[in-house]
Amino acid sequence: MTGGLWTAIVAGGLGAVYAAIALGQQPDLSLAVVTVGAGALLLLLERVWPQQAAWREADGQWWHDLGHMVLGFALGTYGGTWLARRLVGDAAVAMWPTSWPLPLQVLIGLVLAEFFIYWQHRAVHSVPALWHLHALHHSTERMTFFKTTRIHALDIGTATFLWTAPLLVLGAPVPVLLWVTAFGNFTAQTQHANVRMRTPQWLNALVGTPAVHWLHHSIDKREGHSNFGMNVMLWDHVFATFIRPETAPRERLGIEPNHVPATFLGQLALPWQTVRALFWRS
């Protein structure tokens, strides 16, 4: 069934988290365990059901990608969340509709969070000085599970802070933040995995499916400057940056010219280029 595999992984992941919490498990730990499990499933599917069979071969960046998972994604998301909680503290205002059903609150949280994710993402694509923060994520010429977290800590940390802080200020309860994070985890994993997952156009227009995100990673500059939404595509429609993907995902990915260093330390030092562009212009 069209869209069946993507739906099964995302809905199955969310359902597994819900079941674990209902059985009395700690929510954050439940999400972490299920996220790892979903990742393991996608790694298996990459071997048996790849979108591009040639991409199963090593690209010489595996250790770099593993390092970015820890020093980039993990450090950045933790740092962005910690900073948001630290700065907001008791400054939250009681505006959040806590009496509404939780699924509706989560939907509101997804839409509001996506507004800030959208503009952070669009900014790092549009402002040349900020592009150095994000170029690492787009420098790969293939999609695989480990490319999900091939991102600089300052890039993902900024995005995490910018969506978490406003929800905290509005008084969003912890379960809303958890489920927004959960949906984001499973969509991000499926977006980057080299797994054949066809999705219908009505679904592509609503959420960040693999087809939508692969087009965003296209080497074509016009396509690369579209589909900035990560979870829901509402703001791409509102601000006219949505491009409808074709049936088959894009095969030519990456950036031209690609100035991202080949070394891991060089990749970690990419923000220095942003500092130079902002403060030492000739």
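Since the structure is predicted, the reported quantities are computational estimates derived from the model, not experimental observations.

Asks: Explain the overall build of the protein to me, using residue names and the numbers behind them.
Replies: When helices and strands are counted, the protein shows 13 helices and 0 strands. When its helices and strands are written in sequence order, the protein yields α-α-α-α-α-α-α-α-α-α-α-α-α. Against the globule reference of 19 Å for 282 residues, the protein gives a C-alpha radius of gyration of 18 Å, in line with a compact fold. Across its three principal directions, the C-alpha atoms of the protein cover 50 × 50 × 35 Å.

Asks: Tell me about the nonpolar core, residues and numbers included.
Replies: Grouped together as the largest cluster of nonpolar side chains are 38 residues, with contacts concentrated most on Leu42, Trp163, Leu167 and Phe186. Of all elements in the fold, only helix 1 (4-22), helix 2 (27-48), helix 3 (62-88), helix 4 (102-126), helix 6 (153-169) and helix 7 (174-192) reach the threshold of two or more residues within this core. For this core, the element with the most residues is helix 7, which contributes 8 residues.

Asks: Tell me about the side chain of Gln267, and please be specific about residues and values.
Replies: Topologically, Gln267 is positioned in helix 12 (residues 264-268). Among the polar contacts made by the side chain of Gln267, one reaches the side chain of Gln61 at a distance of 3.2 Å. Contact partners of Gln267, with chain neighbours within four places excluded, come to Gln61, His64, His68, Leu136, Arg150, His152, Val260, Pro261 and Ala262.

Asks: Describe helix 4, listing the residues and the values that go with them.
Replies: In a regular helix each residue adds 1.5 Å, so 25 residues correspond to 36 Å; helix 4 covers 36 Å between its end C-alpha atoms and thus fits that length. When helix 4 is considered as a whole, its buried residues turn out to be Gln105, Val106, Gly109, Leu110, Ala113, Glu114, Ile117, Tyr118, Gln120, His121, Val124 and His125. Its buried side turned inward, helix 4 meets helix 5 (128-138), helix 6, helix 7, helix 9 (210-216), helix 10 (221-224) and helix 11 (234-238).

Asks: Could you give an account of the environment of Thr144, with specific residues and numbers?
Replies: Within the element layout of this structure, Thr144 appears in the loop between helix 5 and helix 6. Sequence separation of Thr144 and Gln191 is 47 residues, and the distance between their C-alpha atoms is 9.1 Å. The contacts of Thr144, once residues within four sequence positions are left out, are Glu46, Trp55, His192, Ala193 and Asn194.

Asks: Give a detailed account of the side chain of Thr35, specifying residues and quantitative values.
Replies: In this structure, Thr35 sits in helix 2. Not counting chain neighbours up to four residues away, the residues in contact with Thr35 comprise Asn185, Phe186 and Gln189.

Asks: Which residues make up the packing of aromatic side chains, and what are the values?
Replies: The full count for this structure, using the stated rule, is 11 aromatic pairs. Aromatic pair Trp55 and Trp214: ring centres 5.5 Å apart, planes at 35 degrees, arrangement tilted. With a gap of 159 residues between them, Trp55 in the loop between helix 2 and helix 3 and Trp214 in helix 9 connect regions that are remote in the sequence. Across the pair, exposure class does not vary: Trp55 and Trp214 are buried alike. Between Tyr118 and Phe239, the ring centres sit 5.6 Å apart and the planes meet at 25 degrees, which makes this aromatic pair stacked.

Asks: For the packing of helix 4 against helix 7, give the residues involved together with the corresponding values.
Replies: Where helix 4 meets helix 7, the closest approach of the two axes is 9 Å, and the angle between their N-to-C directions is 60 degrees. As helix 4 packs across helix 7, the resulting crossing turns out to be right-handed. Residue-level inspection shows Leu102, Gln105, Val106, Gly109, Leu110 and Ala113 of helix 4 in contact with helix 7, the latter providing Pro175, Val176, Trp179, Val180 and Phe183. Partitioning the contact of helix 4 with helix 7 into residue classes produces 9 nonpolar, 2 polar and no charged.

Asks: Account for unusual backbone geometry, with residues named and values stated.
Replies: Glycine aside, a negative phi is what most residues show, and trans is what most peptide bonds show. For the bond from Glu256 to Pro257, the omega torsion is -5 degrees, close enough to zero to count as cis. With respect to the helices, strands and loops of the structure, Pro257 is situated in the loop between helix 11 and helix 12. One non-glycine residue, Asn227, lies in the positive phi region at around 50 degrees. Unlike most non-glycine residues, Ala240 shows phi in positive territory, near 60 degrees. Take Ala240: it is sitting in the loop between helix 11 and helix 12. Its relative accessible area of 69% is what places Ala240 among the exposed residues.

What counts, and at which threshold
Residues numbered from 1 in each chain as written. Predicted model: local features only at pLDDT ≥ 70, side-chain atom pairs only at ≥ 80, totals over all residues. Heavy atoms only, no water. Helix = DSSP H or I, 4+ residues; strand = E, 2+ residues; numbered from the N terminus. Rg over C-alpha atoms; globule rule 2.2 N^0.38 Å. Core = buried A, V, L, I, M, F, W, Y, C linked by side-chain atoms within 4.5 Å. Buried < 20%, exposed > 50% of the residue type's maximum accessible area, 1.4 Å probe, protein only. Polar contact = N/O pair within 3.5 Å; in protein donor to acceptor, adjacent residues only side chain to side chain. Contact = heavy atoms within 4.5 Å. Expected span 1.5 Å × (residues − 1). Phe/Tyr/Trp six-rings, centres within 6.5 Å; stacked < 30°, edge-to-face > 60°. Axes fitted to C-alpha atoms, helices over the stretch in contact; angles between N-to-C directions. Left-handed = near helix turned anticlockwise from the far one by under 90°. Nonpolar A, V, L, I, M, F, W, Y, C, P; charged D, E, K, R; others polar.

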